[in-house]
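Structure assessment
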Amino acid sequence: MDSVTEGGREEPAPQVAPDAVESTAPERAASNGRGRMLALISLATILVLAIWFSTNAVAPALEVEKGFSKTSLAWLTISVNLGFLAGTLVSSVLNLADIVNARRLFAISAVLGAALNLAVIPLDSLAAVLAVRFVTGAFLAGVYPSTMKIVSGWFQQRRGMALGVMIAALTIGSGSPHLLGSVFADNWEASIVGGSILAALGGLIMPALVKDGPYDVPGARLNPRYLLVLFTQRDLRYTLLGYLGHMWELYAMWAWIGVYLAAVYGSRPLLGDSLELAGLIAFGVFVAGAVGSVVAGLASDRYGRTITTMVPMIISGSSALAIGFLPFSWSPLIGVIAIVWGASVIADSAQFSTAITELSDDAYRGTTLTF
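Residues numbered from 1 in each chain as written. Predicted model: local features only at pLDDT ≥ 70, side-chain atom pairs only at ≥ 80, totals over all residues. Heavy atoms only, no water.

A word on the overall build of the protein chain
Counting secondary structure elements, the protein chain contains 18 helices and four strands. Burial status across the protein chain gives 50% buried among its 371 residues. Residue pairs at least 24 apart in sequence account for 81% of intrachain contacts in the protein chain once pairs closer than 6 positions are excluded. Accessible surface for the protein chain amounts to roughly 16600 Å². Of this, 67% is attributable to carbon and sulfur atoms. (Helix = DSSP H or I, 4+ residues; strand = E, 2+ residues; numbered from the N terminus. Buried < 20%, exposed > 50% of the residue type's maximum accessible area, 1.4 Å probe, protein only. Contact = heavy atoms within 4.5 Å. Areas by Shrake-Rupley, 256 points an atom, 1.4 Å probe, with all protein chains shown as cover.)

Below you can see the structure in the form of structure tokens.
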């Protein structure tokens, strides 16, 4: 209808600009099923991240069964993170997260990482186990950044909330080995096997059930020089520096909170000989982090990325300064601070990631997130 009649006089119908119509098309496409996509991506992430801290959750058993010293156990943690570092650097330079479809990269990395995780069981040589954990970490570099790119392809509005949910999934997945270790307290091999099975299932979910979103920008070309932009663009540079400080605290905390709580609570069980208290509280720390991630993601969309990043960092930094100086006899207070620390230490992560997706070139979004 080209006109309307009002009081006997024809008025031109309101015109909608073509670009306005086109701009709403991706949003309509995204709203159709993006909730289901976010749920599936989150589920796959939870399952795959079960192999990240798998050796940390069974560290006491490895010390007894394989004769590894506490220094050796520390190197197991360092090796998987060094592997992750190497994997992300190679992926960033080669632009793998933008050249290869993110869902396919996720699946391949997850399945190979799951297979390597199983090798921890038969190997008794520390050098061999360190090598296996290093390569496992390298494959995980194809998992974590890929999920953020996939989610950002489905969300433009409320992206902070969506990435907060994804980081919550990553948090629960990273803590799941502690739950497995608590359930299989007398059988550490079952904890390792269970983590690998979950990771393989998560890897298969991504290509089978998840689709690329309407805001995804596929088909980037190899451009290693793009990384220079990250250092020359002021906002990106500051965001990356803040993210580096966040990661320095986060992975130190995640890697050692289980060992610390085991020192505080010992091997005290909750139900018969199963459900060790230390492992259960350690898993609770990660669950608190998942809740904190979602709440912070919602807050960042409403109040802005900056303030929602600053507040959790102040809380988590204060928790880090306080908890290590408390006497073990104050175990109830230690448990409370650990939960608060767990909620705040990861709450700023989604804000950094969201800012990266908003500041970087869409064609190299995956590369920037990986770096």
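Describing helix α2 (residues 34-48)
One full turn of an α-helix is made of 3.6 residues, so residues set three or four places apart face in the same direction. End to end, α2 covers 21 Å across 15 residues, agreeing with the expected 21 Å (1.5 Å per residue, within 8%). Here α2 has its buried residues at R34, M37, L38, L40, I41, S42, A44, T45, L47 and V48. (Expected span 1.5 Å × (residues − 1).)

Considering the nonpolar core
With 73 residues, the main nonpolar core has W52, Y144, V151, Y251, W254, I257 and L261 as its most contacted residues. Element by element, the count of residues in this core is highest for helix α13 (residues 234-265), at 14 residues. Once residues within four sequence positions are removed from consideration, V151 is found in contact with L38, I41, A162, L163 and M166. (Core = buried A, V, L, I, M, F, W, Y, C linked by side-chain atoms within 4.5 Å.)

A few points about the confidence of the model for the protein chain
When pLDDT is averaged along the protein chain, the result is 85; 89% of the residues meet or exceed 70. Contacts from residues 1-23, a stretch scored under 50 in pLDDT, to residues over four places away or in other chains number 12 contacts. (pLDDT = per-residue confidence, 0-100.)

Details of the pattern of salt bridges
Enumeration over the complete set of coordinates arrives at eight salt bridges. For R234, the salt bridge goes to D235, with nearest N and O atoms at 3.7 Å. Among the residues examined, D235 registers a relative accessible area of 40% and is labelled partly exposed. Note that R305 and E358 form a salt bridge whose closest N and O atoms lie 2.7 Å from each other. Highlighted residues: R305 in helix α15 (residues 305-323) and E358 in helix α17 (residues 349-359), separated in sequence by 53 residues. The class for E358 is partly exposed, based on a relative accessible area of 42%. (Salt bridge = Lys/Arg side-chain N within 4 Å of Asp/Glu carboxyl O.)

Overview of the packing of aromatic side chains
Inspection of every chain in the model, using the stated rule, returns 12 aromatic pairs. Plain terms: the ring middles of W52 and F53 are 6.1 Å apart, the flat faces sit at 25° to each other, and that makes the pair stacked. (Phe/Tyr/Trp six-rings, centres within 6.5 Å; stacked < 30°, edge-to-face > 60°.)

Some words on the packing of α15 against α17
At a minimum axis distance of 9 Å, the contact between α15 and α17 shows a crossing angle of 155°. For the element pair α15 / α17, the angle class is roughly antiparallel. Crossing of α15 over α17 shows left-handed handedness. Listed contacts from α17 to R305, T308, T309 and M313 of α15 are Q351, F352, T354 and E358. Each residue belonging to the contact of α15 with α17 can be placed in one class, and the counts come to two nonpolar, four polar and two charged. (Axes fitted to C-alpha atoms, helices over the stretch in contact; angles between N-to-C directions. Parallel < 35°, antiparallel > 145°, perpendicular 65-115°, else oblique. Left-handed = near helix turned anticlockwise from the far one by under 90°. Nonpolar A, V, L, I, M, F, W, Y, C, P; charged D, E, K, R; others polar.)

As for unusual backbone geometry
Among all residues save glycine, negative phi is the norm, and among peptide bonds the norm is trans. Its identity is not glycine, yet N95 carries a phi of approximately 55°, on the positive side. Position of N95 relative to the elements: it lies in the loop between α5 (70-93) and α6 (96-99).

Description of helix α14 (residues 277-303)
With 27 residues, α14 extends 38 Å from end C-alpha to end C-alpha; this agrees with the ideal 39 Å at 1.5 Å per step. G304 sits one or two residues past α14 and shows a positive phi near 105°.

Some words on a nonpolar patch on the surface
Taken together, the side chains of Y303, I307, M310, V311, I314, I315, W330, L333, V336 and V340 define a hydrophobic patch exposed on the protein surface, amounting to about 940 Å² of accessible area. Those elements that place two or more of their residues in the nonpolar patch are α15 and α16 (331-345). Ranked by residue count, the leading element in the nonpolar patch is α15, at five residues. With respect to the secondary-structure elements, I314 resides in helix α15. For I314, a relative accessible area of 54% translates into the label exposed. (Patch = residues over 30% accessible without salt bridge, like charges linked within 9 Å, V, L, I, M, F, W, Y side chains within 5 Å.)

A closer look at the side chain of R133
For R133, the location among the structural elements is in helix α8 (residues 126-140). Buried and unpaired, R133 has no salt bridge, with D124 as the nearest side chain of opposite charge at 15 Å. R133 has contacts with I51, W52, F53, S54, T55, L76, S79, V80, N117 and V120, leaving out every residue within four places of it along the chain. (Lys, Arg positive; Asp, Glu negative; His and termini not counted.)

Description of the side chain of T88
Structurally, T88 is set in helix α5. Discounting chain neighbours no more than four positions away, the residues touching T88 are A141 and T370.

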